[in-house]
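# Structure at a glance
Here is how the chains run, residue by residue.
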Amino acid sequence: MATPKQRRSESARTSDAFVALLKERFGDRVTTGDAICGQHANTLTWIPSEPPDAVVWPVSTLEVAEIVALAGAHRVPIVPFGAGTSLEGHVNAPFGGVALDLQRMDRVIEVRPRDLDCTIEAGVTRKRLNEHLRDQGLFFSVDPGAEDATLGGMAATRASGTNAVRYGTMRENVLNVTAVMADATIVRTAGRARKSAAGYDLTRLLIGSEGTLGIITELTVRLFGIPETVVAAVCPFESLEGACDASIDAISLGLGLARIELLDAIQIKAVNTHSKLDLEEAPTLFVEFHGTPATTKDQVRIFEGIARDAGALRFDWAEAPDDRSRLWRARHDAFWAVGTTWPGKTLLVTDVAVPISRLAECITKTEDDIRRSGLTAPIVGHVGDGNFHTIPVVDTGDEREMTAVHAFLDRLADRAIAMDGTCSGEHGIGQGKIAVLERELAGGLDVMRQIKRALDPLNILNPGKIFRTA
Ligand SMILES: Cc1cc2nc3c(=O)[nH]c(=O)nc-3n(C[C@H](O)[C@H](O)[C@H](O)COP(=O)(O)OP(=O)(O)OC[C@H]3O[C@@H](n4cnc5c(N)ncnc54)[C@H](O)[C@@H]3O)c2cc1C
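Residues numbered from 1 in each chain as written. Predicted model: local features only at pLDDT ≥ 70, side-chain atom pairs only at ≥ 80, totals over all residues. Heavy atoms only, no water.

## Topic: a negative patch on the surface
- A grouping of Glu 241, Asp 245, Asp 249 and Asp 309 is seen on the molecular surface, where their side chains present a negatively charged patch.
- By residue number, the principal contributor to the negative patch is helix α9 (residues 240-252), which donates three residues.
- Among the secondary structure elements, Asp 245 is positioned in helix α9.
- Looking at Asp 245, the relative accessible area reads 33%, which means it is partly exposed. (Patch = residues over 30% accessible without salt bridge, like charges linked within 9 Å, V, L, I, M, F, W, Y side chains within 5 Å. Areas by Shrake-Rupley, 256 points an atom, 1.4 Å probe, with all protein chains shown as cover. Salt bridge = Lys/Arg side-chain N within 4 Å of Asp/Glu carboxyl O. Lys, Arg positive; Asp, Glu negative; His and termini not counted. Charge placed at Lys NZ, Arg CZ, Asp CG, Glu CD. Helix = DSSP H or I, 4+ residues; strand = E, 2+ residues; numbered from the N terminus. Buried < 20%, exposed > 50% of the residue type's maximum accessible area, 1.4 Å probe, protein only.)

Laid out in structure tokens, this is it:
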């Protein structure tokens, strides 16, 4: 079988002809400039960039269908592109082809307050959607750390983030999508009913498909009312295990936590440096409760009891919006804080998830593994979902360190899988986790391959992601 490089050069001529046709049709909405193509390859991870041959910016579903039909006729790969914030090499173009950038499809089509839903184009960012909704007292809940992520990209990676413990992930929050399939047909996967038993669930087939099955051009998503009262706290613990136990107890009790995030001591050190805070350098939970003044008061009281029993050192509550947003800004900047604290190093962010009862065991074993491997790797997690990240900080030129880190990442994924968890709770597979997905899914992967072959027999939609070969 040809390597990506061989296949890339074989397809270069075909791609040139295709790009010429695109230019004729879409004019200056197509570019082959190195800088812009480079920006459309993977830039946020350790995985080397593989830029596309060109970038095209469609402005409608019909234009997307037109581009996909042309790509099929010329057998040229199409890599859908939202904001490029994904972390596993998702937007690389290992076989060349064209990045289809959806950022100019950024209309909020309709907001329906009585149904608590809205329909938007795929290029709308979560930040802009929430700005649009604020005046109506509504918000869209899914909140991955990257503010500029697009709703299309978030659906395609089945993203989640800090709010998922209460409001769910993209899987629970998308009611339907409009998508262009590999043969250029346009489908709307469902209506807007909150439940449906109408045949196969095509919406959820496309959510998490990483651009390999169809290009999402519109989505209808669920909305929530902005809560009357929001209370947040920072709560340091004597031990990592204590912080995990408090999270597990709070979740099992059904305490209505809106967010519960764990940062280990070294991540707190990075946050302090980056955000000029003075938090105690100890394993710490950031928590947030949403409700009425009475319900949040009750929740806070119960949580304090649980946390004290698990070894909480103190509680710093923040009710004023400014204090709260300063805290959560610091939490959101955790990734960038690691970069600031270890300048010149590369960050290898990864995530795993386990059933919540195994969380403390998985995190403490991982912490022990980091220490034994001689690595620096802060831990930060959406622990209410049993999901956590490690961010190994490495010198990519140091062969010994890279060998150690790759062995650590393999053990981390295998540890989560052995605990009946998964190699990725939210970042997805892209290129970076193909090998480990093979270990996680075994027979299930063959079914996924059959679906891919049936829906994209020419393998033009984001080839080289999720599977080595389709
Ligand atoms: C600092 C930081 C923190 C992060 N924290 C989190 C977190 O807490 N939780 C979390 O879930 N993620 C997190 N992420 C990852 C990232 O934000 C998500 O993967 C995000 O959902 C990607 O959105 P995007 O618009 O940037 O998509 P892109 O990166 O552009 O694309 C992602 C994938 O989706 C495909 N795609 C994009 N748009 C479409 C479309 N319209 N139709 C079909 N396929 C499409 C692409 O081909 C690619 O495979 C974080 C990233 C960063 C940089």
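Further notes follow.
## Re the pattern of salt bridges
- This structure, assessed with the given rule, holds 29 salt bridges.
- With a shortest N-O distance of 3.2 Å, Arg 259 and Glu 288 are connected by a salt bridge. Note that Arg 259 is positioned in strand β13 (residues 257-263) and Glu 288 in strand β14 (residues 284-291), a separation of 29 residues in sequence. The residues Arg 259 and Glu 288 share a single accessibility class, namely buried.
- Here Arg 449 ties to Asp 446 by a salt bridge, and the two come within 3.1 Å at their closest N and O atoms.

## Topic: a nonpolar patch on the surface
- Taken together, the side chains of Val 447, Ile 451 and Leu 455 make up a nonpolar region of the molecular surface, amounting to roughly 200 Å² of accessible area.
- Following the sequence through the fold, Ile 451 ends up in helix α17 (residues 443-455).

## A few points about the site of the ligand
- What surrounds the ligand is a group of 37 residues, the closest being Pro 80, Gly 82, Thr 85, Ser 86 and Thr 150.
- Gly 84 has a polar backbone atom sitting 2.8 Å from an oxygen atom of the ligand.
- Between an oxygen atom of the ligand and a side-chain N or O atom of Thr 150, the distance comes to 2.7 Å.
- Taken by itself the ligand offers 970 Å² of open surface, and the protein chains cover 97% of this.
- The set of elements that each furnish at least two residues to the shell around the ligand consists of β3 (78-81), α5 (151-156), β10 (214-222) and α13 (334-341).
- The dominant element in the shell around the ligand, judged by the number of residues it contributes, is α5, at four residues.
- In terms of residue class, the shell around the ligand is made up of 18 nonpolar, 17 polar and two charged. (Near = heavy atom within 4 Å. Polar contact = N/O pair within 3.5 Å; in protein donor to acceptor, adjacent residues only side chain to side chain. Nonpolar A, V, L, I, M, F, W, Y, C, P; charged D, E, K, R; others polar.)

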